[in-house]
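So the chains spell out like this:
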Amino acid sequence: MKIWDNKKQEQNEINVPLPTKREEKPKRKEKGAKERKDRKEGFLYTCLSWLVRPAKQLRLNRQILVVAYFFAFLFVALMGYITYYVAIPGKEDATSSYNPRKNIFSERMIKGEIKTADDKTIAKSVKSGKDDYSRSYPAERMFAHVVGYDLYGKSGLEASANYYLYRSHSNVFGRIINDLRDEKNQGDTVYSTLDYDLQQTAYNALGGYKGAVVVMEPQTGKILAMVSKPDFNPNAISENYEMLNKDEDSALLNRATQGLYPPGSTFKIVTALEYIRENPKWKKFSYTCEGTTTIDHVRIKCAGNTAHGRVDLYGAMAHSCNNAFVTLASGLDFASFRKTAEQLQLNQKLPINLEYSKSRFVLDGKSPASEMPQTSIGQGDTLMTPLLNCMIVSSIANDGVMMTPYLTDYVESSDGKLVKKFTPSIYKEVMTENEAEELTKLLVKVVKEGSASALSGLRHSYAGKTGSAEHQEGRNTHAWFVGFSPVKNPKIAVCVIAEDAGSGSSVAVPIAKKIFTTYYEKNK
Amino acid sequence: MVHIILVLTGYLNIILAAAYTLTSFQLFPDLPPKRKKKLFRRQEHTLLQFHFFCNLNLILLQQDVKLIYFYGAQLLFILFVMFAYRHIYKGTSRLLTNNMLFFMVVGLVMLTRLSYKDYALNQFITIVACFLVFMLVPLLMKMLRFWERITWVYGIGGFLLLATVLVFGVEEYGATNWISIAGVTLQPSEFAKIIFILFIACRLSKSLELKDLIITTAIAAAYVLFLVLERDLGAALIFFIVYLVMLYVATGRLTLFISGMVAGAGAAVVAYQLFTHVQTRVNAWRDPWAIIDGDGGGYQICQSLFAIGTGSWFGLGLGQGVPNTIPVVYSDFIFSALAEEFGTIFVLCLILVFVSCLLVFLDASMRAGKRMYKLIALGFGVCFMFQVFLNIGGVVKFIPLTGVTLPLISYGRSSVASVLLIFAITQGIYLLGQNDEGDMNEDMGQQEAGTERN
């Protein structure tokens, strides 16, 4: 301060406050003394003094104004943030099971309708008493699992879309009037991605089998159909809940997302991917199948003891040749195999807001070699959900990119205003585009000349893989099919599993075919 | 019938709060006294109506006769405060008094809703007791002028106060910043704050010599360090910012403020590396959903966000939500409870009233004659407002949680007492500023002195 004080002595603007009498302005003689004193105190001190010298016009009020602006800015930012948080509806927290406010609205709102993408109501509230509403499901059993129920607990869409169904974005004045009249407001309508016709086809095609069907759009992750059997009547669930809960067939379980099945030969897709990754020269693979083989002391046979003769990887895939697969798998690296499986989301959480099970892959670097043969053909301890199997085949169809599967397309207020639109999102790149392309070629082979040839020679092109998974001694195999269509620019991916139904090609492929047909009839 | 009243009062309260907010800004420009008087009367009526309808709501909901008496007691107290400040202390800021009452009403209503027995009654007793004692403060400030000169009593006293936690300290919420004397827990840092501001104001108003600045800065840094070691991060941050702002205003050098902020940012990075509790707080801020389970603090912030999101614009209505699911909702998280039940429009109004309150502080600072008064009022304003920012910013996930209370609204003896003291001293400064016409406008005086010198 002093330095500045001295230098600017002659100028007019000096306003440095010296409040106490003791510090009265120095007279000229003292000033000289101070100047000397500063020099004595060294260069650094001088510099620092210069830096912190008070401003020329030392009017505190101006600085106070600056402080006011500074805080105004802080609070405008804060208020903007709060407004943004509240104004953008539907955050990840809305449907969280940790939110104790999930049920708070049921007393003041009528839960909204759930509709399919083709505008068919699949869940609605109907008046059941003076002030009571209960849920009604016009499609009855067909959508039982995926739509779920709203009882003591909730499941399916009834749970995951609960937040939106109990919100109302209809006319504000209408809502206030309803409030005043002590009448409940109608919640918003949730349009799901589900397609009524596809669901119906899948439901009927699965027929009396237990099992599940999942239909997805590979490029968006939209779930078009999701069937699980045995089913239940959601309209009578409150009466039957006890019984269903104890049910041996666990009819309440959504097998599409929660059922854990041995993937059988559909898992050869994963094995093939791992083989391609580990062996750049995989196209040179060749094996002569004689029906049975023993590898690492494990005896493996091809379905029906068929000898497939000389096959490369295409042939092995097309005919689902177990012997060829256990042979090529015997050289695979366990740790790397696990890594590939986990990249494809086995052992991992799935990005879906439904009750689901994690698929299981148990091999790791320490597993004995004798585990490999069974694992490579999808037997052994590997278990998968139909949903994940569908997601994997969808990723192949979508150039290796796994989309986040979703069931809610958009939300509309009861008077028809769009409230929120859900958009497709990439979940992960689970394989390279090149790998996806090679796997697609393998799967095309399955349709052209292999176990899924029932899909060949049709108007549209298909790719897929069948499976016949053994699960219990002396019982029929589970019939699997995973596949997509068309091969170029795929629009639909399907996963079918029918429990104890026999072979994939004889049971699962025809079911899938019906679904594909319905899809193409609807989307000409 | 009850339902209609509940719904109507719900909307009415939002309108009243908005009307109050409006008047709290209308009163700033220089208005003709008649108009000003009318506005003040309107503001006070709005406040009383808001208080009445909130309590009506509570009484209807809880159906408890005690609440009627409680309402009566509060009403008497409010009328007393309005009367006392208007007639005994002429020249104090009526707007500051009203704003103080508004916060108290909002706080008491929410605490009554959360639990009359556990929080509201205690809070009310604290408020009344503190208020009556602090009524004397403006008077004493005027009569005993020695308080302006005892710089080092403040400097050392503040440290002694903070040091009490070393002797009587008890740990709460992961920080050792509470003391327990005869079963009463207090938070010394709440009071040290005031002493600290008085100290800094004394120092900076007397001399701006480099040597003195260095000493002052060193002592301020020692305070902050002490608080950091006590793990009272919120208080440390408040002390830090208050000092920087006061230094800036006193010297007029923005560079000082900026370099201080840069140093502070550096210190924050070091603190993040050194202390696990800082890391937890930051992690819980970054992605609370990832650590919603366990004791990472994610659960608390998620519950707070649920509450705010569910409340939406108009709120669920007083007594209609479930704010008790938020841990420590009565204290640090009371803002979320307000957002849930009164709605976002209401809490935005509340924030604006806080801003209005800051403007009153700054107005007091601008009007005050002496540099010291200016700096004290400014320091209090910044301290008060920055605490509001830390609290609200924390519970809405705008910034990491720092564990500070919402002044006058959160439940807490020390918090309420210290804020009431800050208000009382500021009123005293208003009074001194209005009466000390003699040394009014020191800046101008200096300008004249400067001209003279030439």
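The model shown is predicted, which means the values in this text are computed figures rather than measured ones. (Residues numbered from 1 in each chain as written. Chains lettered and ligands numbered in written order. Predicted model: local features only at pLDDT ≥ 70, side-chain atom pairs only at ≥ 80, totals over all residues. Heavy atoms only, no water.)

## Quick word on the overall build of chain A
Tallying secondary structure elements over chain A gives 19 helices and 19 strands in all. Buried positions account for 55% of the 524 residues belonging to chain A. The contacts in chain A between residues at least 6 apart in sequence include a share of 67% that link residues at least 24 apart. As presented, chain A carries roughly 23,500 Å² of accessible surface, and 49% of it is formed by carbon and sulfur atoms. (Helix = DSSP H or I, 4+ residues; strand = E, 2+ residues; numbered from the N terminus. Buried < 20%, exposed > 50% of the residue type's maximum accessible area, 1.4 Å probe, protein only. Contact = heavy atoms within 4.5 Å. Areas by Shrake-Rupley, 256 points an atom, 1.4 Å probe, with all protein chains shown as cover.)

## Observations regarding the confidence of the model for chain A
Across chain A, pLDDT averages 83, with 85% of residues at or above 70. Below a pLDDT of 50 lies the segment residues 1–38 of chain A, which in the model reaches 59 contacts outside its immediate sequence neighbourhood of four places, other chains included. (pLDDT = per-residue confidence, 0-100.)

## Topic: the nonpolar core
Ranked by internal contacts, the top residues of the largest apolar core, which has 166 residues, are F75 of chain A together with F103, L378 and F384 of chain B. Ranked by residues supplied to this core, first place goes to helix α4 (residues 94–134) of chain B with 22 residues. Ignoring any residue separated from it by four or fewer positions in sequence, one finds F384 of chain B in contact with F103, F354, C357, F361, P407, V419 and F423 of chain B. By size, the runner-up hydrophobic cluster in this structure holds 124 residues, among which are L206, A316, M372 and I396 of chain A. (Core = buried A, V, L, I, M, F, W, Y, C linked by side-chain atoms within 4.5 Å.)

## A closer look at the packing of aromatic side chains
The tally for this structure, following the rule as stated, stands at 51 aromatic pairs over all chains. Measuring from ring centre to ring centre gives 4.6 Å for Y191 of chain A and Y410 of chain A, while their planes differ by 10°; the resulting arrangement is stacked. Of this pair, Y191 of chain A sits in strand β6 (residues 189–192) while Y410 of chain A sits in strand β14 (residues 408–412), and the two are 219 residues apart along the sequence. For the ring pair F361 of chain B and F423 of chain B, a centre distance of 5.6 Å and an interplane angle of 70° mean the geometry is edge-to-face. Placement of the pair is F361 of chain B in helix α14 (residues 344–367) and F423 of chain B in helix α16 (residues 413–435), with a sequence separation of 62 residues. Judged by its relative accessible area of 0%, F361 of chain B falls in the buried class. A connected cluster of aromatic rings, assembled from ring pairs, spans Y20, F50, F102, F103, F342, F346, F354, F361, F384 and F423 of chain B. Taking the ring centre of Y203 of chain A as reference, the NZ or CZ of K229 of chain A above it sits at 4.0 Å. Between the NZ or CZ atom of K445 of chain A and the centre of the ring of Y314 of chain A, over which it lies, the distance is 5.7 Å. (Phe/Tyr/Trp six-rings, centres within 6.5 Å; stacked < 30°, edge-to-face > 60°. Lys NZ or Arg CZ within 6 Å of the ring centre and 35° of its normal.)

## Section: the sheet that holds strand β3 (residues 121–127) of chain A
Residue and element names in this part refer to chain A. Spatial ordering of the open sheet is given by β4-β3-β2-β6-β14-β15, a layout of 6 strands whose pairing is mixed. The outermost strands of the open sheet, each flanked by one partner alone, are β4 (133–136) and β15 (418–421). By the bridge criterion, 2 bridges tie strand β2 (residues 114–115) to β6 in an arrangement that is parallel. If you follow I114 over to β6, its bridge partner there is V190. (Pairing = 2+ DSSP bridges.)

## Observations regarding helix α8 (residues 210–229) of chain B
Residues and elements named next belong to chain B. With 20 residues, α8 extends 28 Å between its outermost C-alpha atoms, agreeing within 8% with the 28 Å of an ideal straight helix rising 1.5 Å per residue. Taken together, the buried positions of α8 are L210, L213, T216, I219, A220, Y223, V224, L227 and V228. Downstream of α8 by one or two residues, R231 has phi in the positive range, about 65°. (Expected span 1.5 Å × (residues − 1).)

## Some remarks on the packing of helix α4 (residues 60–87) of chain A against α14 of chain B
Helix-helix packing is characterised by the crossing angle of the two axes and by the distance between the axes. Running from N to C, α4 of chain A and α14 of chain B cross one another at 175°; their axes reach a closest spacing of 11 Å. Classified by the angle between their axes, α4 of chain A and α14 of chain B sit roughly antiparallel to one another. Contacts between α4 of chain A and α14 of chain B involve N61, I64, L65, A68, F71, F75, L78, M79, I82, T83 and V86 of chain A on the former and, on the latter, T344, L348, I351, L352, V355, L358, L362, S365 and M366 of chain B. Classifying every residue of the contact of α4 of chain A with α14 of chain B by side-chain character gives 16 nonpolar, 4 polar and no charged. (Axes fitted to C-alpha atoms, helices over the stretch in contact; angles between N-to-C directions. Parallel < 35°, antiparallel > 145°, perpendicular 65-115°, else oblique. Nonpolar A, V, L, I, M, F, W, Y, C, P; charged D, E, K, R; others polar.)

## A word on the pairing of β6 of chain A
Residue and element names in this part refer to chain A. Where burial is concerned, the two faces of β6 agree: the one with T189 and Y191 and the one with V190 and S192 are both buried. One ladder, built from 4 bridges, connects β6 with β14; its direction is antiparallel. In the sheet register, V190 faces β14, and the bridge partner there is V411.

## Notes on a negative patch on the surface
Residues and elements named next belong to chain A. Taken together, the side chains of D399, E429, E433 and E437 make up a negatively charged region of the molecular surface. Position of E437 among the secondary structure elements: in helix α18 (residues 433–449). The class for E437 is partly exposed, based on a relative accessible area of 43%. (Patch = residues over 30% accessible without salt bridge, like charges linked within 9 Å, V, L, I, M, F, W, Y side chains within 5 Å. Salt bridge = Lys/Arg side-chain N within 4 Å of Asp/Glu carboxyl O. Lys, Arg positive; Asp, Glu negative; His and termini not counted. Charge placed at Lys NZ, Arg CZ, Asp CG, Glu CD.)

## Let's talk about a nonpolar patch on the surface
On the surface, a cluster of nonpolar side chains totalling about 570 Å² of accessible area is made up of L136, L139, L140, M143, L144 and F146 of chain B. With respect to the element layout, L144 of chain B can be found in the loop between α5 (136–143) and α6 (151–168).

## With respect to the pairing of strand β7 (residues 211–216) of chain A
Residue and element names in this part refer to chain A. By the criterion of burial, β7 is predominantly enclosed, with 6 of the 6 residues buried. A two-sided burial pattern is seen for β7, the buried positions comprising G211, V213 and V215 on one face and A212, V214 and M216 on the other. Bridging between β7 and strand β19 (residues 492–498) involves 6 bridges; their strand directions are antiparallel. In the sheet register, A212 faces β19, and the bridge partner there is I497. Strand direction decides the pairing type here: β7 and strand β8 (residues 223–229), joined by 6 bridges, are antiparallel. Bridge pairing in β8 places V215 opposite A225.

## What to know about the pattern of salt bridges
All names here are of chain A. Evaluated as defined, the whole model comprises 23 salt bridges over all chains. Here E158 ties to K111 by a salt bridge, and the two come within 3.0 Å at their closest N and O atoms. Here E158, found in helix α6 (residues 156–160), pairs with K111, found in the loop between β1 (109–110) and β2; they are 47 residues apart in sequence, far enough to count as distant. With respect to class, E158 is no different from K111; both count as buried. Where E438 meets K283, a salt bridge forms, and the shortest distance between an N and an O atom there is 3.7 Å. With E438 in helix α18 and K283 in the loop between α12 (268–278) and β9 (287–289), the pair connects residues that are 155 residues apart, well separated along the chain. The class for E438 is buried, based on a relative accessible area of 10%. In the salt-bridge network here, residues are joined through shared partners; they are K111, R135, D150 and E158.

## Focus: the packing of α4 of chain B against helix α13 (residues 334–342) of chain B
Residues and elements named next belong to chain B. Relative orientation of the contacting elements α4 and α13 amounts to 80°, with a least axis distance of 11 Å. In terms of orientation, α4 lies roughly perpendicular with respect to α13. Counted together, V106, V109, M110, L111 and R113 of α4 and I334, A337, L338, E341 and F342 of α13 form the full contact between these two elements. Of the residues belonging to the contact of α4 with α13, the class tally is 8 nonpolar, no polar and 2 charged.

## What to know about helix α15 (residues 371–395) of chain B
Residues and elements named next belong to chain B. Spanning 25 residues, α15 covers 36 Å between terminal C-alpha atoms, matching the ideal 36 Å at 1.5 Å per step. For α15, the buried fraction is high: 25 of the 25 residues fall into the buried class. After α15 finishes, the residue K397 shows a positive phi value of roughly 65°.

## Brief notes about the sheet that holds β8 of chain A
Backbone hydrogen bonds hold the strands of a sheet together, and the pairing may be parallel or antiparallel. All names here are of chain A. Sheet architecture is open: 5 strands sit in the order β8-β7-β19-β18-β17, paired in antiparallel fashion. Every other strand in the sheet has two partners, leaving β8 and β17 (463–469) as the edge strands with one partner each. The mean angle between the axes of side-by-side strands here comes to 5°, regardless of whether they run parallel or antiparallel. Looking at chain direction, β17 and strand β18 (residues 478–485) are connected through 7 bridges and run antiparallel. Its bridge partner being in β18, A463 is matched across the sheet by F484. The sheet contacts of helix α9 (residues 196–206) involve β7, β8 and β19, and relative to β8 the element is tilted by about 30°. Helix-sheet contacts for helix α19 (residues 504–522) involve β7, β8, β17, β18 and β19, and the interaxial angle to β18 is about 35°.

## A closer look at the confidence of the model for chain B
Residue and element names in this part refer to chain B. For chain B, per-residue confidence averages 83 on the pLDDT scale, and residues scoring 70 or more make up 91% of the total. Contacts for the low-pLDDT stretch residues 436–454, under 50 throughout, to residues beyond four places or in other chains number 34 contacts. The ipTM, which scores confidence in the relative placement of chains, is 0.88 for this predicted complex, and the corresponding pTM is 0.68.

## Regarding the side chain of N185 of chain A
Relative to the helices and strands, N185 of chain A is located in strand β5 (residues 185–186). In this view, N185 of chain A contacts R108, M109, I110, S168, G174, R175, N178 and D179 of chain A; residues no more than four positions away in its chain are not counted.

## Some details on unusual backbone geometry
For residues besides glycine, phi is generally negative; the peptide bonds are generally trans as well. All names here are of chain A. The omega torsion across K229 and P230 is 0°, close enough to zero to call that bond cis. Tracing the backbone through its elements, the reader meets P230 in the loop between β8 and α10 (237–246). A cis amide bond links S485 with the next residue in sequence, P486, at an omega value of -15°. Relative to the helices and strands, P486 resides in the loop between β18 and β19. At Q345, a position not held by glycine, the phi torsion is positive, near 80°. Looking at where Q345 falls in the secondary structure, it is placed in the loop between α15 (334–343) and α16 (372–376). Among the residues examined, Q345 registers a relative accessible area of 1% and is labelled buried.

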